[in-house]
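Chain by chain, the residues:
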Amino acid sequence: MKTEKTLLVIEDETAILMFLRSSLPRAGWELLEATTARVGLGLAAKSKPDVILLDLGLPDQDGIETLKTLRKWTSAPVIIISARGQEIDKIRGLDAGADDYLTKPFGIPELLARLRVALRHAERAPEDAPPMYENAGLKIDLVERRVWLRKKEVHLSPLQYDLLATLVRNAGRVVSQKQLMKEVWKNREVTPELVRITVHQLRHKIEPDPVRPRCLKTEPGVGYRLESSDN
């Protein structure tokens, strides 16, 4: 019976593979490696990894196309790897079904934190009750639809609450602007500027210091991330 969690890395950069080989097994992860999309897809089907780390710059196929193929038959969490400055590729990856992304270069502590979040989302049963989120003095009860900051109840507009609830359900993961437009605004006419304004207004209600937010973070050029609950 498998005791370690399995991470499939589809990446052709030798330096990153060596870096992961030297660190992840000590953290309790079994590492599977593929340097091409073809081999990676085969390993994903055969080994059913717990999480997939997917480079977007593969030698034999575009990483986004590889991700779309994976999403046809697996719901395993996928974390994409993207070089700095490739914001449009990160957005495409998230919209194509990725759960999160990492910008190269990245450290093992950050990777392990993202892996833990990915596992929590994968293990959460569909019938689970909505979570109670608590972090940095912010408390959100999605069952009662109530929000508190430092034990004082905060009153949000319906739009602000829907935005916050979407981020809570994806806590620890980046949510692209396009995802927010679809889930919060239900494809009604909306612009990225309106999303930014709504986030700005929300921060002023849920952050002790909106200028230095501790919970609702901006992922430049991509979207937003609500930090994981500290529960």
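Residues numbered from 1 in each chain as written. Predicted model: local features only at pLDDT ≥ 70, side-chain atom pairs only at ≥ 80, totals over all residues. Heavy atoms only, no water.

K.L.:
Is there a simple way to explain the sheet that holds strand 7 (residues 138-141) in this structure?
P.N.:
The strands that make up a sheet pair up through hydrogen bonds in the backbone, lying either parallel or antiparallel. Taken in spatial order, the four strands of this open sheet run 6-7-8-9, and their pairing is antiparallel. With one partner strand each, in any of the chains shown, strand 6 (132-135) and strand 9 (152-154) form the two edges of the open sheet. For this sheet, the mean inter-axis angle between neighbouring strands, taken without regard to orientation, is 20°. Bridge count between strand 7 and strand 8 (residues 146-149): four bridges; the pairing is antiparallel. Paired with lysine 139 across the strands is tryptophan 148, a residue of strand 8. Here helix 6 (residues 158-169) sits on the sheet in contact with strand 6, strand 7 and strand 8, set at roughly 95° to strand 7. (Pairing = 2+ DSSP bridges. Helix = DSSP H or I, 4+ residues; strand = E, 2+ residues; numbered from the N terminus. Axes fitted to C-alpha atoms, helices over the stretch in contact; angles between N-to-C directions. Contact = heavy atoms within 4.5 Å.)

K.L.:
What exactly am I supposed to notice about helix 5 (residues 108-123) here?
P.N.:
Every α-helical turn comprises 3.6 residues, leaving residues that sit three or four positions apart pointing alike. Over its 16 residues, helix 5 runs 22 Å from end to end, which matches the ideal 22 Å to within 8%, given 1.5 Å per residue. Taken together, the buried positions of helix 5 are occupied by Ile108, Leu111, Leu112, Arg114, Leu115, Val117, Ala118, Leu119 and His121. (Expected span 1.5 Å × (residues − 1). Buried < 20%, exposed > 50% of the residue type's maximum accessible area, 1.4 Å probe, protein only.)

K.L.:
So what exactly am I meant to see when it comes to the packing of aromatic side chains here?
P.N.:
How two aromatic rings sit relative to each other is given by the distance of their centres and the angle of their planes. Using the criterion set out here, one finds one aromatic pair in the structure. The lysine or arginine in question, lysine 139, covers the ring of tryptophan 148, its NZ or CZ lying 5.4 Å from the ring centre. (Phe/Tyr/Trp six-rings, centres within 6.5 Å; stacked < 30°, edge-to-face > 60°. Lys NZ or Arg CZ within 6 Å of the ring centre and 35° of its normal.)

K.L.:
It is not clear to me how unusual backbone geometry should be interpreted in this structure. Could you clarify?
P.N.:
The phi angle of most residues is negative, glycine excepted, and most peptide bonds adopt the trans form. Between lysine 104 and the following residue, proline 105, the backbone shows a cis peptide bond with an omega angle of -10°. In this structure, proline 105 sits in the loop between strand 5 (100-104) and helix 5. Backbone geometry places arginine 150, a non-glycine residue, at a positive phi of 55°. Tracing the backbone shows arginine 150 in the loop between strand 8 and strand 9. Take arginine 150: its relative accessible area is 61%, and that puts it in the exposed class.

K.L.:
Would you mind showing me how to read the pairing of strand 4 (residues 78-83) here?
P.N.:
Within a regular strand, side chains alternate between the sheet's two faces. Within strand 4, five of the six residues are buried, which leaves the element mostly enclosed by the surrounding structure. Sheet analysis places strand 4 next to strand 5, joined by five bridges and oriented parallel. Note that in strand 5 the partner of isoleucine 80 across the bridge is tyrosine 101.

K.L.:
Explanation requested: the sheet that holds strand 12 (residues 223-226) in the structure shown.
P.N.:
Spatially, three strands are ordered 10-12-11 in an open sheet, and the strand pairing comes out antiparallel. Across the chains shown, the open sheet's two edge strands, defined by having one partner strand only, are strand 10 (174-176) and strand 11 (216-219). Direction aside, neighbouring strands of the sheet carry axes that sit 30° apart on average. Strand direction decides the pairing type here: strand 10 and strand 12, joined by three bridges, are antiparallel. Looking across to strand 12, one finds that serine 176 is bridged to glycine 223.

K.L.:
Sorry, what's going on with the pattern of salt bridges here?
P.N.:
Following the criterion strictly, the structure yields 17 salt bridges and no others. Linking glutamate 11 and lysine 104 is a salt bridge whose minimum nitrogen-to-oxygen distance equals 3.3 Å. You can see glutamate 11 sitting in the loop between strand 1 (5-10) and helix 1 (14-23) and its partner lysine 104 sitting in strand 5, a full 93 residues away along the chain. The residues glutamate 11 and lysine 104 share a single accessibility class, namely buried. Salt bridges linked by common partners bring Asp100, Glu110, Arg114, Glu219 and Arg225 together as one network. (Salt bridge = Lys/Arg side-chain N within 4 Å of Asp/Glu carboxyl O.)

K.L.:
Would you mind going over the packing of helix 2 (residues 37-47) against helix 3 (residues 63-71) with me for this structure?
P.N.:
How two helices pack is summed up by the angle between their axes together with the distance between the axes. Here helix 2 crosses helix 3 at 20°, and the two axes come no closer than 11 Å. By the criterion of interaxial angle, the relationship of helix 2 to helix 3 is roughly parallel. Judged by the twist between their axes, the crossing of helix 2 over helix 3 is right-handed. Contacts between helix 2 and helix 3 involve Ala37, Leu41 and Ala44 from the first element and Thr66, Thr69 and Leu70 from the second. Here the contact of helix 2 with helix 3 is composed, by residue class, of four nonpolar, two polar and no charged. (Parallel < 35°, antiparallel > 145°, perpendicular 65-115°, else oblique. Left-handed = near helix turned anticlockwise from the far one by under 90°. Nonpolar A, V, L, I, M, F, W, Y, C, P; charged D, E, K, R; others polar.)

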